[in-house]
Amino acid sequence: MNVGVLVSGRGTNLQALIDRGRAGELGPARLTVLGSNTPDCPAIARARAAGLRSFVVDHRDYSARAGFDRALLSALKSHQVDLVVLAGFMRVLGVEFLAAFPQRIINIHPALLPAFPGVHARRQALEAGVKVTGCTVHFVDGGVDTGPIIAQAAVPVHEDDDEEALRARILIEEHRILPAVVRAIAERRVVVESGKVRVLGVLA
Ligand code: GRF
């Protein structure tokens, strides 16, 4: 299964996928290409260092989302991508794009959804005073951080945490569950029934 990863920035989740792939721990999943909407972001340098092909579709070059989506779609299709992984990709994808990859687009989010969707998940968790937060890998649908939940991992929130401390603790879990989900999907062990996900076997 060819995997295309979409990012907007740093790319530590991309790096986790690269590392697990190198270790032969992604099963039949093969990282095929990195796509970014941000030229010169650190994730592109990570891809280059790993010998992974990459492309940029800069959203600022498009006056409407449909054009951006179409350019992204055609780049992914030209690399024969089967599974799209949003790993810190800060754009919302339109229906046409979603329809091109039915149940083949996943996202990693730094909270235990449905709590704290959106771009300030960690800040919201701290403000709410929750004692536990975490991360979620889910299929992407038309909403923001909605869609069937595939896997979650919890982390404690400490009293003296700031956003950065919490980010680092959550990222450790992100880097564990995202590759595990990619592997399980490639092994066809992830099934959606009545809008809920069942994972056959273990996530590892
Ligand atoms: C992660 O926190 C992820 O949950 C969110 O964006 C961030 C990406 O981080 N969707 P990185 O670029 O993988 O380091």
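Just above sits the structure.
Please read all numbers here as calculations on a predicted model, not as lab measurements.

For the rest of this paragraph, the subject is the packing of aromatic side chains. Under the counting rule described, the total for this entry stands at two aromatic pairs. Seen in terms of ring centroids, Tyr62 and Phe68 are 6.2 Å apart; in terms of plane orientation they differ by 65°. Their pairing is edge-to-face. On the basis of relative accessibility, which here comes to 32%, the residue Tyr62 falls in the partly exposed class. A centroid spacing of 5.8 Å and a plane angle of 45° characterise the contact between Phe97 and Phe101, whose relative ring orientation is tilted.

Our next topic: the site of the ligand. What surrounds the ligand is the set Arg10, Gly11, Thr12, Asn13, Gly88, Ile108, His109, Pro110, Arg122 and Glu174. With respect to the ligand, the backbone of Gly11 contributes an N or O atom lying 2.7 Å from an oxygen atom. One nitrogen or oxygen atom from the side chain of Glu174 is found 3.0 Å from an oxygen atom belonging to the ligand. Look at the ligand: alone it shows 370 Å² of surface, and the protein chains cover 89% of it. Looking at the shell around the ligand, the elements that each hand over two or more residues are helix H1 (12-22) and strand S5 (105-109). Of the residues contributing to the shell around the ligand, the split by class is two nonpolar, five polar and three charged.

Time to look at the environment of Arg123. Within the secondary structure, Arg123 is located in helix H5 (residues 121-128). Residue classification places Arg123 among the partly exposed positions, given a relative accessible area of 36%. Only 3.3 Å separates the side chain of Arg123 from the side chain of Glu163, close enough to count as a polar contact.

Our focus in this paragraph is the side chain of Arg122. Positionally, Arg122 belongs in helix H5. Although Arg122 lies buried, it forms no salt bridge, and the closest oppositely charged side chain, Glu174, sits 4.7 Å away as judged by the N-O distance. Leaving out residues up to four positions away in the same chain, Arg122 has contacts with Pro110, Glu163, Leu166, Arg167 and Ile170.

Criteria and cut-off values
Residues numbered from 1 in each chain as written. Predicted model: local features only at pLDDT ≥ 70, side-chain atom pairs only at ≥ 80, totals over all residues. Heavy atoms only, no water. Phe/Tyr/Trp six-rings, centres within 6.5 Å; stacked < 30°, edge-to-face > 60°. Buried < 20%, exposed > 50% of the residue type's maximum accessible area, 1.4 Å probe, protein only. Near = heavy atom within 4 Å. Polar contact = N/O pair within 3.5 Å; in protein donor to acceptor, adjacent residues only side chain to side chain. Areas by Shrake-Rupley, 256 points an atom, 1.4 Å probe, with all protein chains shown as cover. Helix = DSSP H or I, 4+ residues; strand = E, 2+ residues; numbered from the N terminus. Nonpolar A, V, L, I, M, F, W, Y, C, P; charged D, E, K, R; others polar. Lys, Arg positive; Asp, Glu negative; His and termini not counted. Salt bridge = Lys/Arg side-chain N within 4 Å of Asp/Glu carboxyl O. Contact = heavy atoms within 4.5 Å.

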